[in-house]
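Report on the structure
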Amino acid sequence: EQGALWGFLTYDPAVESIPAPPRPAKILAYFEDSGFAHFHDDAEGVALNVQCGPWCGYNAYRRAQGPCDRMNMSPGAGHFSLLLDGQSFLVTPIGAYRLTSDTRSILLVDGRGQHGDVGYPMSIPSWLDHGEEIEWVRWDAATGTGVIRLKLHPAYPAEFGMLQYTRELHVGRSHEIICRDQVLFDKPRRLSWLFQIKRKQGAAFEQGLRHRIGPQPGPRFREEGAGHGPTLWIEAKPLEIGLQTRIEETELVWSYSALEHDPFDRIRYDTIEPVSRATVDFILIWT
C-alpha cells in the first residue's frame, strides 16, 4: 500500500511515463547480496530459483544482529525450486511446526541434515551464518547456457567430517538442467539425496534410477489436448558409487492457519553402502 501511496503523491501528469523495459526471454540473474540466483527461459517455459546465505541478505545480516532480525526458517542450503509452464515441479514444502532440512531438496548424511536441523516450530531465532554460499554464477550469452555453483559443506555440522561439498546447476540446455553434486568426507558415510514434489503432480518410478513427475506424455500431447501439462523426469547418474531410489512421504506438521493441507512427497536416492566421496549428476529433463 505504501508503494502505491507514494507513487500517487509523486505523480506528475506533465511528465510522460516511461514504458517498462521488455523482459529478457532467457536469462540467468544473480543478486549477490541476497544470495539469490534465478534462471528462466520463456521459450521452454522453465524457471529455476536457488537462494543460499542469510535470508535477509548479507548487508542486513551484518547490520541487524537481533534474534528476530537473524531469524531463519527450515535449514536447506542448496535447495532449489523448478517451475514448468508456471506449474511447480520441484517445490518448497511448508510445515510451520517442523522446520527440518529433510523438507528441502538437499543431501542428508547418515540420515541427518544441516545446522539447525532440530525441528524448531515456526522459525529459528538468532540464526548464525556458517559460510555456505553461492560461490559464483557464470553465463555465456553466446550459447545461452550458464552455471550456478554453491559451496555447501559449511552448512553441515563438523562431526560429519565433510571436507568439501559443491553443487552445480547447469542451465540453458534444451529441455535439460543438470544438478551436479561432488562431496568428500574424512571417512565413509551413508548419503541420501532428496527432491521435494507435490503429491498431486503424480510422481512415478520408471526404471533404474529414473522417476517421472506429471502425466505420461503421448504423441503430440501438447498440441492435442487440454488437461495435459508438462512432464519432468529426474534420473541419477552416479560416478563409481551405487545408488538405490524410492518415493516417500515428506513428513510435515501443519500450522493451524494453513489454508491447505496438500501432501508432499520426495524422491530419494540412497547410497547402497557408505562412501567417503561421491559425484552424482541428477539429470532433469522435461517435455
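Refer to the preceding data block for the structure.
Quick notes on the rules
Residues numbered from 1 in each chain as written. Predicted model: local features only at pLDDT ≥ 70, side-chain atom pairs only at ≥ 80, totals over all residues. Heavy atoms only, no water. Helix = DSSP H or I, 4+ residues; strand = E, 2+ residues; numbered from the N terminus. Buried < 20%, exposed > 50% of the residue type's maximum accessible area, 1.4 Å probe, protein only. Lys, Arg positive; Asp, Glu negative; His and termini not counted. Charge placed at Lys NZ, Arg CZ, Asp CG, Glu CD. Pairing = 2+ DSSP bridges. Axes fitted to C-alpha atoms, helices over the stretch in contact; angles between N-to-C directions. Core = buried A, V, L, I, M, F, W, Y, C linked by side-chain atoms within 4.5 Å. Contact = heavy atoms within 4.5 Å. Salt bridge = Lys/Arg side-chain N within 4 Å of Asp/Glu carboxyl O. Phe/Tyr/Trp six-rings, centres within 6.5 Å; stacked < 30°, edge-to-face > 60°. Polar contact = N/O pair within 3.5 Å; in protein donor to acceptor, adjacent residues only side chain to side chain.

**Quick look at the overall build of the protein**
Helix and strand counts for the protein come out as 3 helices and 17 strands. Taken over the C-alpha atoms alone, the protein extends approximately 70 × 55 × 45 Å along its principal axes. For the protein, the proportion of its 287 residues judged to be buried stands at 44%. Treating the 29 positive side-chain charges of the protein as one cloud and the 37 negative ones as another, the clouds have centres 4 Å apart.

**Thoughts on the sheet that holds strand β6 (residues 107-109)**
One open sheet holds the 4 strands; their spatial order is β6-β11-β16-β15, and the pairing between them is antiparallel. Among the strands making up the open sheet, the edge pair consists of β6 and β15 (243-249). Put simply, the sheet's adjacent strands are angled 25° from each other on average, direction ignored. Pairing analysis gives 7 bridges linking β15 to strand β16 (residues 264-271), with the strands arranged antiparallel.

**What about the pairing of β16?**
For β16, the tally of buried residues reaches 8 of 8 residues, placing the bulk of the element in the interior. Here β16 shows two buried faces, one formed by Phe-264, Arg-266, Arg-268 and Asp-270 and the other by Asp-265, Ile-267, Tyr-269 and Thr-271.

**Observations regarding the nonpolar core**
By size, the foremost hydrophobic cluster in this structure holds 52 residues, and its most contacted members are Leu-90, Trp-193, Leu-232 and Tyr-269. Leaving out residues up to four positions away in the same chain, Leu-232 has contacts with Leu-82, Leu-84, Phe-89, Leu-90, His-211, Arg-212, Ile-213, Leu-284, Ile-285 and Trp-286.

**What about the pairing of strand β7 (residues 133-140)?**
Where β7 meets strand β8 (residues 145-151), 7 bridges bridge the pair, whose relative direction is antiparallel. Paired with Glu-133 across the strands is Lys-151, a residue of β8. Linking β7 back to β8 in an antiparallel pair, the connection comprises 4 residues, with Gly-144 at a positive phi of about 70°.

**Considerations on the side chain of Arg-149**
Here Arg-149 is to be found in strand β8. Residues in contact with Arg-149, not counting those within four places in the same chain, are Glu-133, Ile-134, Glu-135, Trp-136, Gln-164, Thr-166, Arg-167 and Glu-168.

**Digging into the sheet that holds strand β9 (residues 162-173)**
The strand order across the open sheet formed by 8 strands is β7-β8-β9-β10-β17-β14-β13-β12, and the pairing between neighbours is antiparallel. In this open sheet, the two strands that pair with only one neighbour each are β7 and β12 (203-207). Across the sheet, the axes of successive neighbouring strands diverge by a mean angle of 20°, strand direction being ignored.

**Examining the pattern of salt bridges**
According to the stated counting rule, one finds 20 salt bridges in the structure shown. Put simply, Arg-98, Asp-102, Arg-246, Glu-248, Arg-266, Arg-268 and Asp-270 are held in one network by salt bridges that share partners.

**A closer look at the packing of aromatic side chains**
We describe a pair of aromatic rings using the distance from one ring centre to the other and the angle between the two ring planes. Tallying each qualifying case throughout the model produces 10 aromatic pairs. With a centroid separation of 5.7 Å and 55° between ring planes, the pair formed by Trp-193 and Phe-282 is classed as tilted. A residue pair is termed long-range when its members are at least 10 positions apart, and Trp-193 in strand β11 (residues 191-198) and Phe-282 in strand β17 (residues 275-286) qualify at 89 residues. A single burial state applies to Trp-193 and to Phe-282, both of which are buried. Counting every residue linked through ring pairs, the aromatic cluster contains Phe-80, Trp-193, Phe-195, Tyr-269 and Phe-282.

**A closer look at the environment of Ala-37**
One can find Ala-37 in strand β2 (residues 36-41). It is 6.0 Å that separates the C-alpha atoms of Ala-37 and Asn-49, two residues lying 12 residues apart in sequence. Non-local contacts of Ala-37, meaning those with residues more than four positions away in its chain, are made with Ala-29, Tyr-30, Leu-48, Asn-49, Val-50, Ile-134, Val-137 and Ile-148.

**A word on unusual backbone geometry**
The phi dihedral of Asp-85 falls on the positive side, at around 50°, and the residue is not glycine. In this structure, Glu-240 takes a positive phi of about 65° despite not being glycine. Structurally, Glu-240 can be placed in the loop between β14 (232-239) and β15.

**Thoughts on the environment of Asp-129**
Locating Asp-129 in the fold gives a position in the loop between β6 and β7. You can call Asp-129 partly exposed: its relative accessible area is 26%. Residues Asp-129 and Pro-154 lie 25 residues apart in sequence; the distance between their C-alpha atoms is 9.0 Å. Sequence-distant contacts of Asp-129, that is, excluding residues within four places in its chain, are made with Pro-54, Tyr-58 and Tyr-61. Separated by 3.5 Å, the side chain of Asp-129 and the backbone nitrogen of Gly-131 make a polar contact.

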